[in-house]
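Here are the chains, one letter per residue:
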Amino acid sequence: MTAPAWSGLLVVPARAQPREVLTVAAFPLMDEIAKAAIPAWQALHPDVELRILMRQYADHHTAMTTALSTAVGLPDVMALEASFVGRFAQGGGLEDLRQPPFGIESVRARLVPYAYDQAIARNGAVVAMPADIGPGTMLYRKDILDRAGLAPEELTRSWDGYVAAGERIKARTGAYLIANVQEIKDILVADGLRPGEGVYFDTESRVLVNTPRFERAFEVALRARQKGLDAKVQAWSNDWGAGFKQGRLATELSGAWLVGQLNAFVAPQTKGLWRAASLPGGSQVPYGGTFYAIARRSAPARKQLAWRFIQLMTLDPARQLQAFKSYDAFPALRDVHDDPFFSEPVDFLGGQRARLLWRDDALRITALPVHKQNKFAEEVVQTELDKVLRGQKTIKAALADAEQLLLRRAKR
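Residues numbered from 1 in each chain as written. Predicted model: local features only at pLDDT ≥ 70, side-chain atom pairs only at ≥ 80, totals over all residues. Heavy atoms only, no water.

Our working rule: UniProt positions are given in the numbering used here, feature names are shortened, and annotations may be inferred rather than shown by experiment.
The protein has the name Sugar ABC transporter substrate-binding protein in an unreviewed UniProt entry, where Roseateles chitinivorans is given as its organism. The record held by UniProt for the protein lists under Subcellular location (unreviewed entry) the comment "Periplasm". Of the comments in the UniProt record for the protein, the one headed Sequence similarities (unreviewed entry) reads "Belongs to the bacterial solute-binding protein 1 family."

Below is the structure:
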């Protein structure tokens, strides 16, 4: 029998075409939110693999800083925490999303105003798309206030009232008003900014710390410390978590997202004891938030795909709502804000419909322009506050010294 003509030949199957890969660099929770969107992405782009690169928060932002400066290892899309958006914007390393093929200005009205404004660079470029926000809120223990005979309005009416209420809480229940008076200072230095002002510098890099705004912040924080109203513990420390679990902290000033953290792992046993209110004295400040950006020197061929991914994550109501329900990522997309989920009771807050409060407060917040020396300024101001709290300096001397240090760094 004659062998077939092809006998002994190696048959090589046709090689599959390599799939295009879109890389997204993220940090914890943002990576989970992105992974949850993979099925939706694949339905839209079956030939493009979505690859999520995750690093821990600090490592991620350090890696993105290095990548932007060297153009090595740039992802197609990078997730950024709010404080880094301003810093990176000034380096010119991020795409201006106003330009084609992006056109972010066409969707501005659909986004929470302060979140959009937070991504505007000094030259008018819009360098990132907001994904979620952190409206500021006061969380308080209803059981502690009840024992002290206080209504929540007595804490929120004014900052002087907040401190006075703290005295009654301490005297009648033994609980501290707050974990650390630094939280008070952080809000008051960022509250009531005028146009063109950042927290520490204005748009011309003039230093703003030796001003009545900072004097007031230091004065209220010092008064609360002198009256023994703070537990002198730092956020996210073991003592901070223990204070919540043991009912030693009556209030906490933070972002709305903290409710999810308390419920998930910080103090789940306190479920039902907490309530939410607006910040004292009508203060309106943001606590973080996350954005997506595209590096200017990332692969040009995938920029349009990168923008489509960003649109999926930020302009698709289903994606925004899923991130909110699963990860407490409060939506920057206003299209979602009338969803029935916002009106549902929050079990951890004793059935309070707190999402409606946070939604309304978010619309009153104004953006905080971020200067490239903001991190250094934060450290300087906190060091000077610590000296005031220890009785080593007067408020005026501390702020004058802070001003001198920052003047030398302002325009570097």
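## Observations regarding the confidence of the model for the protein
Going by this rule: The pLDDT value tells you how sure the predictor is about a given residue, anywhere from 0 up to 100. A contact between two residues is defined here by any heavy atoms of the two lying within 4.5 Å.
Looking at the protein, the pLDDT average stands at 93 and 95% of residues meet or exceed 70. Across residues 1–16, confidence stays below pLDDT 50; counting only partners more than four residues off in sequence or on other chains, it has 0 contacts.

## Things to note about the environment of lysine 185
The following threshold applies: Helical segments are the DSSP runs of H or I of at least four residues, strand segments are the runs of E of at least two, and each set is numbered from the N terminus.
Looking at where lysine 185 falls in the secondary structure, it is placed in helix 9 (residues 182–189). It is 48 Å that separates the C-alpha atoms of lysine 185 and alanine 43, two residues lying 142 residues apart in sequence. Not counting residues up to four positions away in its chain, the partners in contact with lysine 185 are Ala217, Phe218, Ala221, Val381, Gln382 and Leu385.

## Some words on the pairing of strand 5 (residues 251–255)
This is how it is decided: The buried label goes to any residue with under 20% of its type's maximum accessible area, the exposed label to any with over 50%, and the partly exposed label to all in between, with areas taken from a 1.4 Å probe on protein chains only. Whether two strands pair comes down to DSSP finding at least two bridges between them.
Of all 5 residues making up strand 5, 5 are buried, and the element is well covered by its neighbours. As defined by bridge partners, strand 4 (residues 129–141) adjoins strand 5 across 5 bridges and the pair is classed as antiparallel. Bridge pairing in strand 5 places leucine 139 opposite glutamate 252.

## Structural notes on the packing of helix 11 (residues 238–245) against helix 12 (residues 258–266)
Note the following rule: In this analysis, axes come from line fits to C-alpha atoms, helices being fitted only over the stretch in contact, and the angle between any two N-to-C directions falls in the range 0 to 180 degrees. Oblique is the label for any angle not covered by the other classes, which are roughly parallel (under 35 degrees), roughly antiparallel (over 145) and roughly perpendicular (65 to 115). When residues are sorted by character, Ala, Val, Leu, Ile, Met, Phe, Trp, Tyr, Cys and Pro go into the nonpolar class, Asp, Glu, Lys and Arg into the charged class, and all the rest, Gly among them, into the polar class.
Packing of helix 11 against helix 12 leaves a shortest axis separation of 12 Å and a crossing angle of 90°. Taken together, the axes of helix 11 and helix 12 are roughly perpendicular relative to one another. Residue-level inspection shows Trp240, Gly241, Phe244 and Lys245 of helix 11 in contact with helix 12, the latter providing Leu258, Leu262 and Val266. When grouped by side-chain class, the residues that make up the contact of helix 11 with helix 12 number 5 nonpolar, 1 polar and 1 charged.

## Description of the domain arrangement of the protein
Many authors give the size of an interface as the accessible area that is lost as the parts come together. Where we set the bar: For each domain, the first and last residues come from an automatic or database assignment. Summed over both partners, the accessible surface that disappears when two parts come together, traced with a 1.4 Å probe, is what is meant by buried area. Any Lys or Arg side-chain nitrogen found within 4 Å of a carboxyl oxygen on Asp or Glu counts as a salt bridge. By the criterion applied in these results, polar contacts are pairs of N or O atoms within 3.5 Å in which, for protein atoms, one can donate a hydrogen and the other can accept it, and in which residues neighboring in sequence qualify only through two side-chain atoms.
Examined at the domain level, the protein breaks down into domain 1 (20–134 + 287–352) and domain 2 (136–286 + 367–411). Using only C-alpha atoms to locate each centre, domain 1 and domain 2 end up separated by 28 Å. Counting from both sides, the interface comprises 19 residues of domain 1 and, opposite them, 31 residues of domain 2. In this assembly, domain 1 packs against domain 2 so that about 2,100 Å² is buried in total across both faces, 61% of it on carbon and sulfur atoms. On the domain 1 side of the contact with domain 2, Tyr287, Phe348 and Leu349 bury the most area, a combined 41% of that side's loss. In this assembly, domain 1 and domain 2 are joined by 0 salt bridges. Run the count over domain 1 and domain 2 and you get 7 residue pairs in polar contact (both at pLDDT 80 or more). Listed by contribution, the elements that provide at least two residues to the side of domain 1 that touches domain 2 are helix 4 (82–90), helix 5 (113–118) and strand 7 (286–293). It is helix 4 that contributes the most residues to the side of domain 1 that touches domain 2, 4 residues altogether. Here the side of domain 1 that touches domain 2 is composed, by residue class, of 6 nonpolar, 8 polar and 5 charged.

## Thoughts on the pattern of salt bridges
According to the stated counting rule, one finds 27 salt bridges in the structure shown. A salt bridge links glutamate 154 to arginine 168; the nearest nitrogen and oxygen atoms lie 2.8 Å apart. Taken together, the residues span a long stretch of sequence, with glutamate 154 in helix 7 (residues 153–156) and arginine 168 in helix 8 (residues 159–173) at a distance of 14 residues. Overall, the relative accessible area of 24% leaves glutamate 154 in the partly exposed class. Note on arginine 168: relative accessible area 29%, which makes it partly exposed. We note a salt bridge from lysine 375 to glutamate 378, for which the minimum N-O separation is 3.8 Å. Pair noted here: lysine 375 and glutamate 378 are both in helix 16 (residues 374–389), with a separation of 3 residues, about one helical turn. We classify lysine 375 as partly exposed; its relative accessible area is 41%. In the salt-bridge network here, residues are joined through shared partners; they are Asp160, Arg216, Glu219 and Arg223.

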